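Summary of the model geometry
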Amino acid sequence: VYGGPPLRSREAVFWKVRVWDEDGKATAYSTVASFEMALLHGHDWQADWIGWPGGRPGRAVYLRCGIDLPGLPSRARLYITALGFYEVFVNGVFPGGRLQPAVTDTGRRILYHVHDVTGCLSAGKNFLAAVVGNGWHGRPSLLCQLEADYEDGRRLIFCSGCHPGQPTWFAAGGPVRENSIFDGESYDARLEEAGWACVADGGGQNGPRGKLWMPACVVPGPAGVLRAQRVEAVSVVRSLPPAAETEPRPGVRVFDFGTNHSGWAGLSVLGQEGTAVRMKYAELLHADGTVSQENLRTAAAEDCYILQGAATVESWEPRFTYHGYRYVQVEGDPSLPAKCHVVSRVARSGLARRGSFACSHALLNRIHEMVVGTEEANLHGIPTDCPQRDERMGWL
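Fair warning: this is a prediction, and the values are worked out from it, not measured in the lab. (Residues numbered from 1 in each chain as written. Predicted model: local features only at pLDDT ≥ 70, side-chain atom pairs only at ≥ 80, totals over all residues. Heavy atoms only, no water.)

A word on the overall build of the protein. The secondary structure content of the protein amounts to one helix and 28 strands. By the compact-globule yardstick of 21 Å for 396 residues, the protein fits well, its C-alpha radius of gyration being 24 Å. Projected onto its principal axes, the C-alpha coordinates of the protein cover approximately 70 × 70 × 40 Å. Residues counted as buried form 47% of the 396 residues belonging to the protein. Expressed as a percentage of contacts within the protein between residues at least 6 apart in sequence, the contacts between residues at least 24 apart total 76%. (Helix = DSSP H or I, 4+ residues; strand = E, 2+ residues; numbered from the N terminus. Rg over C-alpha atoms; globule rule 2.2 N^0.38 Å. Buried < 20%, exposed > 50% of the residue type's maximum accessible area, 1.4 Å probe, protein only. Contact = heavy atoms within 4.5 Å.)

Turning next to the sheet that holds strand E4 (residues 61-69). With antiparallel pairing, the five strands of this open sheet are ordered in space as E6-E8-E4-E11-E14. Taken across any chain shown, the strands that pair with only one partner, and hence form the sheet edges, are strand E6 (86-90) and strand E14 (214-215). When strand E11 (residues 170-172) meets E14, the two strands line up antiparallel, connected through two bridges. Among the inter-strand pairings, Ala 171 is bridged to a residue of E14, identified as Met 214. (Pairing = 2+ DSSP bridges.)

Any covalent bond linking the sulfur atoms of two cysteines counts as a disulfide. Tallied over the full model, the rule gives zero disulfides. The thiol of Cys 144 is not disulfide-bonded; the next cysteine sulfur, from Cys 65, is found 6.9 Å away. Judged by relative accessible area, which is 1%, Cys 144 ranks as buried. Sulfur of Cys 162: no disulfide; nearest cysteine sulfur belongs to Cys 217 and is 7.1 Å away. (Disulfide = S-S within 2.5 Å.)

This brings us to a nonpolar patch on the surface. Together, Phe 357, Leu 363, Leu 364, Ile 367, Met 370 and Val 371 line one region of the surface with nonpolar side chains, adding up to about 540 Å² of accessible area. Topologically, Phe 357 is positioned in the loop between strand E26 (340-349) and helix H1 (362-377). For Phe 357, a relative accessible area of 43% translates into the label partly exposed. (Patch = residues over 30% accessible without salt bridge, like charges linked within 9 Å, V, L, I, M, F, W, Y side chains within 5 Å. Areas by Shrake-Rupley, 256 points an atom, 1.4 Å probe, with all protein chains shown as cover. Salt bridge = Lys/Arg side-chain N within 4 Å of Asp/Glu carboxyl O.)

As a further point, take the pattern of salt bridges. A complete count under the given rule lists 27 salt bridges for this structure. Measuring nitrogen to oxygen at the nearest pair gives 3.4 Å for the salt bridge that ties Glu 369 to Arg 366. In this pair, Glu 369 and Arg 366 are both assigned in helix H1, three residues apart and thus about one turn of the helix distant. When salt bridges that share partners are traced, they join Arg 10, Glu 36, Asp 44, Arg 75, Arg 77, Asp 116, Glu 147, Asp 149 and Arg 155 into one network.

It is worth spelling out the environment of Met 214 at this point. With respect to the helices, strands and loops of the structure, Met 214 is situated in strand E14. Considering only alpha carbons, one finds Met 214 and Leu 296, 82 residues apart in sequence, at a separation of 39 Å. Apart from the residues lying within four places of it in its own chain, the contact partners of Met 214 are Trp 52, Trp 169, Phe 170 and Ala 171.

Before going further, it helps to spend a moment on the pairing of strand E9 (residues 141-149). Of all nine residues making up E9, nine are buried, and the element is well covered by its neighbours. Across the two faces of E9 the burial is the same, with Ser 141, Leu 143, Gln 145, Glu 147 and Asp 149 and Leu 142, Cys 144, Leu 146 and Ala 148 all buried. Taken together, the two bridges between strand E3 (residues 50-51) and E9 define a ladder with antiparallel strand orientation. Pairing of Ile 50 across the sheet is with Leu 142, part of E9. Inspection of the sheet shows strand E5 (residues 75-83) paired to E9 by nine bridges, in the antiparallel sense. Among the inter-strand pairings, Ala 76 is bridged to a residue of E9, identified as Ala 148.

Now for the confidence of the model for the protein. With 95% of its residues at a pLDDT of 70 or more, the protein has an overall mean of 92. Here residues 201-210 is modelled with pLDDT under 50, and outside its nearest four sequence neighbours on either side it reaches 28 contacts, counting other chains as well. (pLDDT = per-residue confidence, 0-100.)

Once that is clear, we can look at the side chain of Glu 314. In this fold, Glu 314 is placed in strand E24 (residues 314-316). Buried and unpaired, Glu 314 has no salt bridge, with Arg 190 as the nearest side chain of opposite charge at 9.1 Å. A polar side-chain atom of Glu 314 sits 3.2 Å from the main-chain amide nitrogen of Gln 308. Within polar-contact distance, the side chain of Glu 314 engages the backbone nitrogen of Ala 310 at 3.0 Å. Among all residues touching Glu 314, those that are not within four sequence positions of it are Ala 189, Leu 267, Ser 268, Val 269, Tyr 305, Leu 307, Gln 308 and Gly 309. (Lys, Arg positive; Asp, Glu negative; His and termini not counted. Polar contact = N/O pair within 3.5 Å; in protein donor to acceptor, adjacent residues only side chain to side chain.)

Let us now look at H1. Here H1 spans 22 Å end to end across 16 residues, near enough to the 22 Å set by a 1.5 Å rise per residue. Looking only at H1, the buried set comprises Asn 365, Glu 376 and Ala 377. Here the buried residues of H1 occupy an arc of 105° about the axis, which is enough to place them on one side. Turning to H1, the residues buried within the fold contact strand E17 (234-240), strand E19 (252-269), E26 and strand E27 (379-380). (Expected span 1.5 Å × (residues − 1). Arc of directions from axis to C-beta.)

As structure tokens, this is what we get:
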């Protein structure tokens, strides 16, 4: 148990241990380890929640701002969270983590992340950008605070909101047209804006197809307290190639990945502009070989990608949903089956495997494998009861 002086926000703490044997003889000290404190008090936060209060039901909100740094900081931390799932970029660099933050009752607690972004920054103009999906909330909003420390003791703080002297955040819609944990994601690649996360800070500039970046608004935040997330981030832990492929009818292709798991499909496709490719997820098949989604109840479990019509293969995977499945059915233009390929991204909280089990009884080994597979498919921030249908509550 720690017995030292009270720890402070942002403090770096170093520690080492040694042990004594039964004769009272001490070992050498371990190598030095360390941890860093997050923001422990509400007054450490200067940021406000921002978003688009008018809302665009189902759509993700794209946010960005430009900041000026007088020089390279010796230390920089990005404290960030969202109502909904977010992905953030610092000068176009994605620090990692999917389906973040982990789900909580935001009336009591909101989890945030701390990213070390020291190596992402440069002297002069820098850019912060984020995409926020609906997650469990339905009205995406963002809370963000960048702190840059310098050797001379200065600390510059850049935060979301409308404070004097702070950068102006801009908001817009984008390619993520719909997103839902249960129903899936729809992405229109024709609305992509190259360099949106690292080139310009908006200010009324028109994007593709008349997209307009407008100043983001301060929006009401949740009532819960902010706490640093200690649950491991969700990430892709492995990719599965199809174990089998069938074409039960023209224009419909079914990929069998051999086992139930959770995650999403990564699509590679070549086709004409405006062609919609739909991917339906299921655990079962009908007698005719097409996917059966009856056990999913009201969950649509379908992703849609609309091609921009590039001359080369287009690659895409959803970012604000996940599915439980064995089969992925791809539908679109009848010519597409010969021009598309799907791999499965197995995604879960990044827990390390702590042990293993094996014995001489094949049935017990198989039961153990099924238990591990079930737990793996249900670890997305909290252990849930199922990854496929319209529930996914914390019953596990």
